[in-house]
Structures are given as C-alpha cells and as structure tokens.
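Analysis of the macromolecular model
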There are 4 protein chains.
Amino acid sequence: MNFRSDNTAAAAPEILAALSAVNDKPVAAYGEDPWSKQLDEKFGEVFEREVRVFTVATGTAANSIALASVTPPWGGIICHAEAHIACDECGAPEFYSGGAKLVLVEGAHAKMSAVALKEGIARNARGIHSIQPAAASISQATERGAIYRPDEVAALGAIAKEAGIALHMDGARFANALVALRCAPADISWRGGVGVLSFGATKNGALAAEAIVCFDLYRAEEIARRRKRGGHLFCKGRYAAAQLLAYFEGGLWLRLAERANALAAQLGEAAAPFLSAPVESNQVFIKPGVAGLAKLRAGGADFYDWAEEGSGEARLVVSWNQDEADVKRMCALLVSLR
Amino acid sequence: MNFRSDNTAAAAPEILAALSAVNDKPVAAYGEDPWSKQLDEKFGEVFEREVRVFTVATGTAANSIALASVTPPWGGIICHAEAHIACDECGAPEFYSGGAKLVLVEGAHAKMSAVALKEGIARNARGIHSIQPAAASISQATERGAIYRPDEVAALGAIAKEAGIALHMDGARFANALVALRCAPADISWRGGVGVLSFGATKNGALAAEAIVCFDLYRAEEIARRRKRGGHLFCKGRYAAAQLLAYFEGGLWLRLAERANALAAQLGEAAAPFLSAPVESNQVFIKPGVAGLAKLRAGGADFYDWAEEGSGEARLVVSWNQDEADVKRMCALLVSLR
Amino acid sequence: MNFRSDNTAAAAPEILAALSAVNDKPVAAYGEDPWSKQLDEKFGEVFEREVRVFTVATGTAANSIALASVTPPWGGIICHAEAHIACDECGAPEFYSGGAKLVLVEGAHAKMSAVALKEGIARNARGIHSIQPAAASISQATERGAIYRPDEVAALGAIAKEAGIALHMDGARFANALVALRCAPADISWRGGVGVLSFGATKNGALAAEAIVCFDLYRAEEIARRRKRGGHLFCKGRYAAAQLLAYFEGGLWLRLAERANALAAQLGEAAAPFLSAPVESNQVFIKPGVAGLAKLRAGGADFYDWAEEGSGEARLVVSWNQDEADVKRMCALLVSLR
Amino acid sequence: MNFRSDNTAAAAPEILAALSAVNDKPVAAYGEDPWSKQLDEKFGEVFEREVRVFTVATGTAANSIALASVTPPWGGIICHAEAHIACDECGAPEFYSGGAKLVLVEGAHAKMSAVALKEGIARNARGIHSIQPAAASISQATERGAIYRPDEVAALGAIAKEAGIALHMDGARFANALVALRCAPADISWRGGVGVLSFGATKNGALAAEAIVCFDLYRAEEIARRRKRGGHLFCKGRYAAAQLLAYFEGGLWLRLAERANALAAQLGEAAAPFLSAPVESNQVFIKPGVAGLAKLRAGGADFYDWAEEGSGEARLVVSWNQDEADVKRMCALLVSLR
C-alpha cells in the first residue's frame, strides 16, 4: 500500500500508447514537429485564450525557468515557507534566476493569504540595499493539499498587479485542484492574474511531461532562451508533445484526477478524527501520533512522515491509478486507529 | 529523403517496448526505482570499470552539467571552434558553470589536435588576470563526422593530465564512433583519460535518454547536485533508465549505429569526388557547390547547408532507421552530380 | 546631531595622511606594491598566526566573496534574519555564490544562539532535494549592537566544525566588538573556529578599506579568483594597503573604537529606561515610542527608525569622531524623555 | 625607468588634495553625499547631455557591470580578441552577466573594424541554438594604443543600432584618446552611438576612481542594482566623487593625458624604425627583437614583453607623471638600437 507520492505511479496506458502513435517517420527536431506545433493551440483551447507552451522534463525545471523569466537576479520571489520551490528543488530557482531570493511567508496548510503576500512584498524596503519584490509564487494544490479558489487566486493576483510583480503558479497538481473546484482552467490561472503557470502532467499520469504555460506573451522569448540554456529543449520533441496531447484527449486528465481525489476523500473520511488538514485534493494529512503511524506501517502502509520524522504526522498521497483495494484496506486501518 | 539530422528519427521499437515493460506498479521516484538502480552496474559492464551514471533529458544538459562539474567559474574549457558546446547550446555551458569561458581552437574536421590543445592551455597566461585552464572537451564523433582513435584520445588525455585539467567527451554520437573504431568503449573514454562522458542515446534510437557517465568518482556528488538544480533529476526515473537498459540489451546500440554508418558509407562512395571530409561515422560532408546542392534538393533531398547558407557545402546525416530506398535514391542523385 | 550610522563619518587624519605617504614613485600594480605585500604579515601579527589578506572596496564585497568561497552554489548559509548579508546587500551573497541560499534563524539582538545554529543546519534535510548546509555567518558586532564573547564564538565554531560547515564572521564593526571584549583578535576569530573574516575598517575611520582575512589558507586561491572576477582587485593597491597599515599603526583602530564605544555608553545611560537592547558596542537601540522619537528629532537629532518606520524604536550609532558636544546634547534630550 | 603600465603611477597631487577637502563632517552614506550628488551634473557638462554616473572601484567592475546591463545571459558581446575584457579580467564579464559569451573578432592594433563587427554579429546564426548578439564593446584607446576617430565610432554605432545591439566603450584610457583626437567627449561616445561608457580616471591620475557613464538612461536602474550586488556601491561615497570632481577641475584630466601622450610621442620618434604600431596615445609598441629588448633592459628600462614572452616585441606605457629625464634616457637607448 504505497501512499508515498503520486510520482511513484506508472503512466496512464492512453499516454503510453500515444508515444507509439507518433513513433514513425522522421520529423523536424527541437519542437518543430507536427505534435509540438499543436501545443499552443491545444492549451489555448483548454485555457480559453492565446498562450505559449514550453515542454520541459521536470516540474523543477518548469518552476525555475518560469520564475527566472519573471524576476531579475536582484528580485524577490514571495512564496510559502513550505513551497516546493523553497524546500525541494535544491535551489534551482536561485540557480536559474542568477541568485534571486525566495521571501518566505507563513500560512495555514501551506497556503499564502492576501495578508501574507502584502507583508512579503513590504518586507524588503531598504531601497537599493534590499532585493526588489518581483514575483509571487503559489502552489495549486499546495504542499499541504489545500487549494486556492478562483476568488483567492484573483485576490492575490490583484495584489501582485498593484505591486507591479508577477504571479506564478506551481501547478504540479493543477488537475487535482481543478477538478476539486469544478471551475475552468482559466478561472484559477490567467483570469486570476497568473502570468506564468507550471503545468504538471507527470504526477497525474504522464511519463515525463511538464509544460510552462505562458500567459504574459511578451515573456515567451525569454522562456524559450532559458529553456534552451537549461538543456530542456527536447531534441525529439514529439514524445513530450504526444504525452500532453493525450493527457487532454477526451478529458483524460480530468478523469485521472477525479479518481485520485475521490479515493483520497475516502481516506479522509476514514481518518476524520485525526486529519491535520482538510482533504481538498489528492493529499491526505493525518496526525495520529507516532504510535498510530507505527500501527499503519505495521499494517502494510507506506508513506512519509510529514514534515519530518517523529512528528507523529503523515502525508498520504493518492495517485491516478491507486489500487482501490489498497485504499479500502487503508481506510480500515485508519478506522482502527480511532 | 530526410538527411537533416539523426535527431529527426523516431525511436527504436525495442526501446519503446521497454517503456511498457516497466509501466506497472508504483516504484520509488527520483532514480530510486529498480531500473535506475541497475544503471551504474550496467554501464560499469559496458565500460569495464566502476562508474556513476546520471540520466538527463538532453545532450545539452549532459554536456553542461558535466562541464560545470569539472571547472570553476573562472575556468577555461578548451574546445574546437565548431564544437556543439560552442555553437549549438545557446551558452548552456556558461550558464551551468557560472560563467566559465570556452577557449576555441581550430583543427581540420572539427577535431582537436594535440598541438591545438597545448596552445589552448597556454593561451591565457596572465596569472590572476586570466581565466585558468580547467578542462578540454572533445566530441566523439565530431561535428564534422571525424572520430578520435584510442591513441588520439590518449594523447589528449595525457596532455590534459599533465596540465592538471579534466578531459570531457561529448559522446552524442558515441556509438557511431565506437562501431567505426571497432574498439572497446573504455578505449576511447577513461583509458584515454576521459574523466566525464556525455553518453548519447537519443540520436541513435532512444526517445529522450542521455547519460552523464562519471569516471572520476569523486565528482559524482557534484554532478548529482548540479543535475538536481538544473531540473534534470527525473521524477519518474524508470522511463529514462528503461530506455538505456534496452539500448544496451543484446547489443542493440551497436547494431543501430552500424546500420547508420554503413548507409553513410554508401553515400560517401557515391559522393566521393566532392566529399569535403572523410566519411568516418554516420555523417557525410559534401561540397558540390551551390548548383549541385540545388539539384539534390530538386531531386527530393532534404539536408542542411553547412556550416552556413550559400557555402555550397552540405551535411548529410544518416540515422539508425534511415530508409534504405532513400539512401539508394540519394546515391543515384549524388552520382548524377559528377 | 547625526547618529544615523558610523558610515557617515569622515576618515581619521592618520589614515588620510598615510595616503600621501605612499603617493610617490611608480610601484607594481595589482597588490604587488611594497605596502600591499606587508598586509599578510601585519595581519598575521594582529591575529597571531599565518593569514592571507585580500583588500576590497566594501563590506558587501568582503562578505560576498568570503561566503562564495565557503559554499557551493547549492549550499545553505545559516545567518540571523536581521543580518546585513540578508537584509542590506541586495542579494550580493546569492550573486557571488551562484545562487546559494541564506537560511534565516531568529535570536535576540540579532545574535545567533547555538540552538538556532543547530536548527538552521537541520532545517533542510531532504537529501538531494534540499540545499546542503555549507556555512554559518555571524556579525561581530550584530545589527542590534550585541557582541559574541570568545566562548560564544567557540561554541558556534564547534557546532560548525562538527557539521562540516565553515564559520564566517562579518566584522564590519570588529574593532568595536574587540575593544568591548578586551580580548585578543584571535579569541573571537580563528581560535573560535572562524575560517574567514570580513574585517571592516571603513566604518571605524578608513576611507574605503575592507579586508577578507582568510584563516583557512587553502581557500586563499579561490578568494583571489573571486575577488578578481568581482572587480575588487585594486589596480593601485597601495592606497587600500596604506589605509589598513595606518589603521593598525600604534593601535589607532583600538583608540578609535574605544572612543565610539565610550560615547555610546553615555547615550546608553541617558536612555536607560527605554533601551531596547543592551549597549555593548557603539550602537544604541532605544524604544521611547513614536512620540518620544519625534521629540528627539525636534531637538535636532538625526537617526533611523528601527527596524522600520513607525515602530517607535530607533538606532543611534556613534562614530569614531562623533562630536562630544553632540553626544552631551543628545544625552540631555534622552534624559528629558524619561 | 618604469614603462610597465600607467597603473604603476602615483596619484596626482590635486586629486589627493581633494580627499582632504571633503574629509570633514558627517554626510550621508552610499552616494547621497553632496559631492556624489554633483557627479551626474558634472559629467553632464563634460558630455553635453544628461547622463547617469556610477562610481566603482576598478575598471574591471565598470566594464563588467556595464556589459551585464546591456546583455541577457544568453547574449553575445562582440569584442576584439585582445580586448581587456577578453584577456585581463579573469572572466568578470561572464560572471556579472550570468554567462554571456564574448565573441572575439580580429583587427589590426586591437581595433574593431566595421567589417569585423558585422561578421561578429552574423557569426552565431542558428536561432535558438545560438547565443544572441547583444552588444559590441570597443576600447578607447585600444590595448595596442590605437584610437577610434569620431567617424569610426559612429560607423560602429550605426551597425550596432541597425542590429539592435548596444555599443559599450571601455574608456580606461579615454582621456588619452580624447586629447589625441582633439574632439569633444561626446564625439567619441554617445554621438557615435555609445550607450554605456566605462570612464577611467585611475590610470590617468586618480587613486581608485572609475565611473560607469550611462547615456541610455533607461538602463540606469539596472546598473545601480548590479553595482550594489557587486559590492561596488561605496559606503563613504564622498571620496570617489571627490577624485572625479578634482579630475575634471580646471581641465586637470586633459593636462595629465596630454603630458603622457607627448612623452610617448618622443619615445615613438626615437623608436621609429621598429615601431610595431603607430603611436596614437600614451602607449608605444616596439619590436626590436629579443636582443634589442635585452639591451633596453640592460640599460635600466622596465616594461612588458607583448603580447607574450619571447616575442621580441614590447609595450612601453607612459604615465601622467612619467619622469621626463627617464623618457630622455629611454629615447637615447632606443636610438642606440637603430
């Protein structure tokens, strides 16, 4: 019963099949193939406006290249202290941006409030001696499984706009947030002021396909350059493109995310008495204590202590193809802890 | 008749099939899966010694991360003026290294001679005011299709060792060079003094699988860190690993390269009177003049002028799955130019 | 009555005179002049051991070059959240280091405790996904005027050593701390585990002379390279060297710092009821409230609100040549606030 | 008889005296003092237009900060292969720019011709795979003592403008070029298309005072940021400002440069038969062969072989306070070589 992360899951058969479908004759390299060329239009349909799309190999690459393109080296990127870009990318944003600074703010469930964003913007205010606020970055869903509603995104977007800074969204679990909110992709991205989005597909069923979705079109050239310099312009672009096209095909991405969320909800119900965060997407945070976690492990469950060993808290992540029987067994285990 | 580049080719069926074979249950992410864990051993067998292997998404990433790991920011990397790292990576080596300098040397067929390397090492000699020679980088095969024999690699390796600098090899077409030389992989890598190798599989039949093969084991930790910061540590590592394991399986990589080289040799014979470089691997350089190239294109051939438009020279690259009938037609066209 | 900062003060006459004394015949450039060549030895005497000394133009340069030389780009530098390197250098440490991360810890009076250092070291512990602790940096005196006693430095040094990280000291006000502690320079630097020291002279009477004092001799070559690349290797090195030699001559530096500290102590006594930090060096922090600060200003005093406008708190800094009459007047004003 | 470089010279008495003149009461730090605040206006008068001026400690800093402000990290800076930025700054431009690439062109006497600039711009033309031409940088005077006439600057400026790239001038010896040309400072800078100028004063009589003169006013904010991050915003700004104000006062800078040029002309006449470059400013290049140079040294002359040991060629640099008797003796020595 592996609940360690959705990145432990295999790829969806539909996406794997798409690789075979494009694996034929010679086509132009470096994103000039017929499938790569469909990406701008396809994403444009999904997001209901003109966009520029850049495939990359990992979410860290998507985040770092996107962020480097919205901040000068002397800029500050306001983000939650638990954000993936702050804790899990080994300084990749600093590397790609030439040394920009992450300005860490607090907030329940790894979510940035409007107040926190304002404080983060105001924090460095010694003129030339301070770094200059350049961007805010939020995760949808957050590292604690919380999601931003359209009005919450818009509130942050408005603050960012007024401060003259960009709003970036780390959408490693964008689909999970989206289906939970039952809104349009546009509602939690550009309509709310998001200028650049890291759009994740890998965790939700792809093999390795992430995309930088650029709404601020004037930033596209810079993103293209930074991607190339980062070694993220795929030589045989067709395979990343095929994954993303299949991901959207027939709403596959939504179905996969819905399944994960629904199973997570089951876990959430079973764990209701010791949930340490509301279950809003496909992540479940529980705090049954050290002994409780030991029991779960003794019962065959595999997961991470969160945020650190010995905290008595744990994270359970449900993937697109989580075994339903496993979820049932886990629910029983959780109920047994009550 | 597409002879633009071997990167326009599809992936070998055996490699594509390998993706399905690993696409099953949950496994650990970030290179801790069972297949990724076989890479060090598998490459160790191929190279007849202990190595550390790091998969990345592109050849540019492999080169840049490898180079950054062998030079300080104030270092000089001696390479041929036509090297891929100098001309085709949009400054990725400078980016990853924090601003190291490529020191460009000349040489026939994009090959670095011992004399050129010595001159490149000696070029910056104003003490603290100069950058400090830190590495030499050679391409196997070169951007002009030439290959380094084991003794040539060893000669460069000896010079590098004496100068206290590292020797890096860009092996984007390592397999093509290897089968042409009929030697062991070790003979043109670590036995000749190569400390870090960019091992390419994408051009020769993979979808997107390149590896940094680290012979200088003490550099491994730094490479791991730089890969992570570059966003090149795959989340679902199994797919890159599966490609590389399949690449070696039953000598597939050698068969694919041999086929490409053999067909290139046919082109070379047909183009003998106007070859502008010896045909040593899977690249054929011809200089039939502007009119001649126009005739080839009128006959249905697609290729790049080399190194620039209007030069009257062209590069024909033969891929692992080049259509044999196409090669025959192209040979006929070439003969008709005589 | 200017108490804004000790950097508003002019230069000591003895130091200015030293410039004329060396302003004669041609001498070798780039630090090869007779005066620059004395620096290693002179600092060696002051610090009672072999050192390597590098003059630079500013304290920001000293800190950033020193820090870049003790951390890889993926390193973490643990420092207090109010440290100069964190708040007042516009990201210079991130720039020089290629994107290392400052790990901010708390502590009274901008001082890092042993507990805080341990927590800072432990904070990023997700293996390859986290930055790697590489250095701790402390300010002597701190941005809140506090000083580290020899045993406190040694305690931090021991923790750093055990963790395998370097200990850096920002000694912009090293002299003020030193004379307050009545110990040897060695006692609060290398004997306590400091590997690299930013030694400030500008605030305490020089025109523009800061030095990186390198105790970890093997780091010297890297510091030399980073200084050159930062544009901090003075062309006419004699003038920076002359300032530093004069600074030490006859104990000038100690006399200047003692005077500043003594006058600050007078202010401290006058402000005793509303001191917001103990007066340990030449900085005095008071919190008489917004109205109180307004009265001081109405009385002719000039100073900064601290740490931000409207806090009701202020910082008064006393320089080496603060006017004694001004201090008396200020004392009277402070007393009148009681 | 020291003819090694003009940076071996002491400072002009007028400039030293100016330091004392400002060494009085407390003034605002970080360039907000009364003298620093005069710089924009004073330089504006000299250059006959609005400018923004940034003092820094060295010429390397001026060049690197200026260049970083006119190129993205993926930019190319076209310069002569012998340029100071290419040969003598240990990669500082690459460091400050985040890894931009110097594109080296050839040309007699280290001078860039219009043809060479065009070729340099055209050299990298593989789209996203190539770096992007961003700036050209020329030295006035060049590293071989040559100078650009106003029409030559304008020709390069026109090419740069048409290509959409910036024109930077390394004016480490701007005064020497200026007085030789008997034109206005504007004629060889912004009127010819120079957007940013590294204005040197150190070699021509200052202690340590270089200025970035920004004609493209919209770049000023970026230069300010990069200067701060580089540790080049002087804490006590008054001293650098005082040097520059004194430099201009009463035309001192022109008198100093004229003297140096005139004495260099005497050397040039004496060395006429073996001059290896025309004498246009204060540098004299001679090629009397290895034996000839040995005789000069035996006669008491000190200078550098150029560009490398054993070339039989040498560089003689005359400073603003070169001893006249030394020049006479050297002339006699040179004549004796005929």
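Identification of chain A as L-threonine aldolase from Terricaulis silvestris is taken from an unreviewed UniProt entry. In UniProt, chain A has this text filed under Subunit (unreviewed entry): "Homotetramer."

1. Structural notes on the overall build of chain A
For chain A, the count of helices and strands is 13 helices and 10 strands. A compact globule built from 338 residues would reach a C-alpha radius of gyration of about 20 Å, and chain A, at 20 Å, matches this within 12%. The principal-axis extents of the C-alpha atoms in chain A amount to approximately 60 × 55 × 30 Å. Across the 338 residues in chain A, those meeting the buried criterion constitute 65%. For chain A, the proportion of contacts with a sequence separation of at least 24, taken over those separated by at least 6, is 76%.

2. Details of the pattern of salt bridges
Counted by the stated rule, this structure contains 84 salt bridges over all chains. Notably, a salt bridge pairs B:Glu222 with B:Arg226, separated by 3.0 Å at the nearest N-O pair. One end of the pair, B:Glu222, and the other, B:Arg226, are both in helix H9 (residues 220-229), 4 residues apart, so they sit about a helical turn from each other. Judged by relative accessible area, B:Arg226 falls into the buried class, the value being 12%. Residue D:Asp216 pairs with D:Arg219 through a salt bridge whose shortest N-O separation is 3.0 Å.

3. A few points about the nonpolar core
If you look at the biggest cluster of nonpolar residues, it comprises 130 residues, and the most contacted ones within it are A:Phe43, A:Phe199, B:Phe43 and B:Phe199. Leave out the neighbours within four places in its chain, and B:Phe199 touches B:Phe43, B:Phe47, B:Gly171, B:Phe174, B:Glu210, B:Ala211, B:Val213, B:Tyr247, B:Phe248 and B:Trp253.

4. Examining the interface of chain A and chain C
The partner chain C presents 21 residues to the 21 residues of chain A that form the contact. Across the chain A to chain C interface the summed buried area is about 1,600 Å²; carbon plus sulfur atoms make up 42%. Of all residues in chain A, A:Cys90, A:Lys101 and A:Arg126 give up the largest surface area on contact with chain C, accounting jointly for 34% of the area buried on that side. Here C:Glu94 makes a salt bridge to A:Lys101, at a shortest N to O gap of 2.8 Å. Across the contact surface, chain A and chain C share 10 residue pairs in polar contact (both at pLDDT 80 or more). Element by element, the count of residues in the side of chain A that touches chain C is highest for helix H4 (residues 84-87) of chain A, at 3 residues. When its residues are assigned to classes, the side of chain A that touches chain C shows 11 nonpolar, 5 polar and 5 charged.

5. Description of the sheet that holds strand S1 (residues 52-56) of chain A
Strand pairing in a sheet relies on backbone hydrogen bonds, with the paired strands running either antiparallel or parallel. Residues and elements named next belong to chain A. Strand order in the open sheet formed by 7 strands is S1-S7-S6-S5-S4-S2-S3, with mixed pairing between adjacent strands. Two strands close off the open sheet at either side, each with one partner strand: S1 and strand S3 (101-105). In this sheet, neighbouring strand axes are inclined to one another by 25 degrees on average, regardless of whether the strands run parallel or antiparallel. The strands touched by helix H3 (residues 59-68) within the sheet are S1, strand S2 (75-80), strand S4 (132-139), strand S5 (166-171), strand S6 (196-200) and strand S7 (210-214), with S7 carrying the most contacts at an inclination of about 20 degrees.

6. Concerning the domain arrangement of chain A
When the parts come together, some accessible area is lost, and that loss is often what is quoted as the size of the interface. All names here are of chain A. Along its sequence, chain A is organised into domain 1 (11-251) and domain 2 (253-336). Contacts between the two partners involve 29 residues from domain 1 and, on the opposite side, 22 residues from domain 2. Buried surface at the junction of domain 1 and domain 2, both sides included, amounts to about 2,100 Å², of which 54% is carbon and sulfur. Ionic pairing is found between Glu313 and Arg144, a salt bridge with its closest N-O pair at 2.7 Å. Applying the counting rule to domain 1 against domain 2 returns 12 residue pairs in polar contact (both at pLDDT 80 or more).

7. Some points on the sheet that holds strand S6 (residues 196-200) of chain D
All names here are of chain D. An order of S1-S7-S6-S5-S4-S2-S3 is seen for the 7 strands of this open sheet, with the pairing classed as mixed. Looking at which strands have only one partner, the edges of the open sheet turn out to be strand S1 (52-56) and strand S3 (101-105). Strand after strand, the sheet turns through a mean of 25 degrees between neighbouring axes, direction not considered. On top of the sheet, helix H9 (residues 220-229) reaches S1, S6 and strand S7 (210-214); it is set at about 10 degrees to S1, its chief contact. Relative to the sheet, helix H10 (residues 238-248) contacts S1, S6 and S7, its axis offset from that of S6 by approximately 85 degrees.

8. Observations regarding the side chain of B:Asp6
Tracing the backbone through its elements, the reader meets B:Asp6 in the segment before helix H1 (13-21). Among the residues examined, B:Asp6 registers a relative accessible area of 1% and is labelled buried. Here the side chain of B:Asp6 touches B:Asn282 through a polar contact of 3.0 Å, side chain to side chain. Discounting residues that sit within four places of it in the chain, B:Asp6 has contacts with A:Lys236, B:Arg173, B:Lys203, B:Asn282, B:Val317, B:Val318 and B:Ser319.

9. Section: the relation of the copies chain D and chain C
Mapping chain D onto chain C calls for a screw motion: a turn of 180 degrees about the axis and a shift of 0.0 Å along it, with 0.0 Å RMSD after fitting. The symmetry that links the two subunits is that of a two-fold axis. Of the residues that chain D buries at the interface, 98% are likewise interface residues in chain C, meaning the two copies contact each other through the same surface.

10. Let's talk about the interface of chain D and chain C
Taken together, the contact between chain D and chain C spans 49 residues of the former and 48 residues of the latter. Together, the buried faces of chain D and chain C total about 3,800 Å²; carbon and sulfur atoms form 58% of this surface. Sorting the residues of chain D by area buried against chain C places D:Phe95, D:Arg229 and D:Lys236 first, and these three jointly supply 20% of that buried surface. Taken together, chain D and chain C are joined by 0 salt bridges. Where chain D packs against chain C, one counts 34 residue pairs in polar contact (both at pLDDT 80 or more). Broken down by secondary-structure element, the contributors of at least two residues to the side of chain D that touches chain C are helix H1 (13-21), helix H3 (59-68), helix H5 (92-97), H9 and H10 of chain D.

11. Quick look at the pairing of S3(D)
Every other side chain in a regular strand lies on the same face of the sheet, so the side chains alternate between the two faces. All names here are of chain D. Along S3, 4 of the 5 residues are buried, which leaves the element largely enclosed by surrounding structure. Across 5 bridges, strand S2 (residues 75-80) lies against S3 in parallel orientation. Directly across from His80, in S3, lies its bridge partner Val105.

12. A closer look at the state of the cysteines
Two cysteines whose sulfur atoms are joined by a covalent bond form what is called a disulfide. Residue and element names in this part refer to chain A. Inspection of the entire model under this criterion finds 0 disulfides over all chains. Cysteine Cys79 is unpaired, with the sulfur of Cys87 as its nearest cysteine sulfur at 8.0 Å. You can call Cys79 buried: its relative accessible area is 0%.

13. Side note on the environment of D:Arg123
All names here are of chain D. One can find Arg123 in helix H6 (residues 114-123). Spatially, the C-alpha atom of Arg123 lies 32 Å from that of Arg315, the residues being 192 residues apart in sequence. Discounting residues that sit within four places of it in the chain, Arg123 has contacts with Val103, Leu104 and Val105. At 2.8 Å, the side chain of Arg123 forms a polar contact with the backbone oxygen of Leu104.

Thresholds applied
Residues numbered from 1 in each chain as written. Chains lettered and ligands numbered in written order. Predicted model: local features only at pLDDT ≥ 70, side-chain atom pairs only at ≥ 80, totals over all residues. Heavy atoms only, no water. UniProt positions renumbered as here; feature names shortened; annotations may be inferred. Helix = DSSP H or I, 4+ residues; strand = E, 2+ residues; numbered from the N terminus. Rg over C-alpha atoms; globule rule 2.2 N^0.38 Å. Buried < 20%, exposed > 50% of the residue type's maximum accessible area, 1.4 Å probe, protein only. Contact = heavy atoms within 4.5 Å. Salt bridge = Lys/Arg side-chain N within 4 Å of Asp/Glu carboxyl O. Core = buried A, V, L, I, M, F, W, Y, C linked by side-chain atoms within 4.5 Å. Buried area = accessible area lost by both parts, 1.4 Å probe. Polar contact = N/O pair within 3.5 Å; in protein donor to acceptor, adjacent residues only side chain to side chain. Nonpolar A, V, L, I, M, F, W, Y, C, P; charged D, E, K, R; others polar. Pairing = 2+ DSSP bridges. Axes fitted to C-alpha atoms, helices over the stretch in contact; angles between N-to-C directions. Domains from an automatic or database assignment. Least-squares fit on C-alpha atoms with pLDDT ≥ 70 in both. Disulfide = S-S within 2.5 Å.

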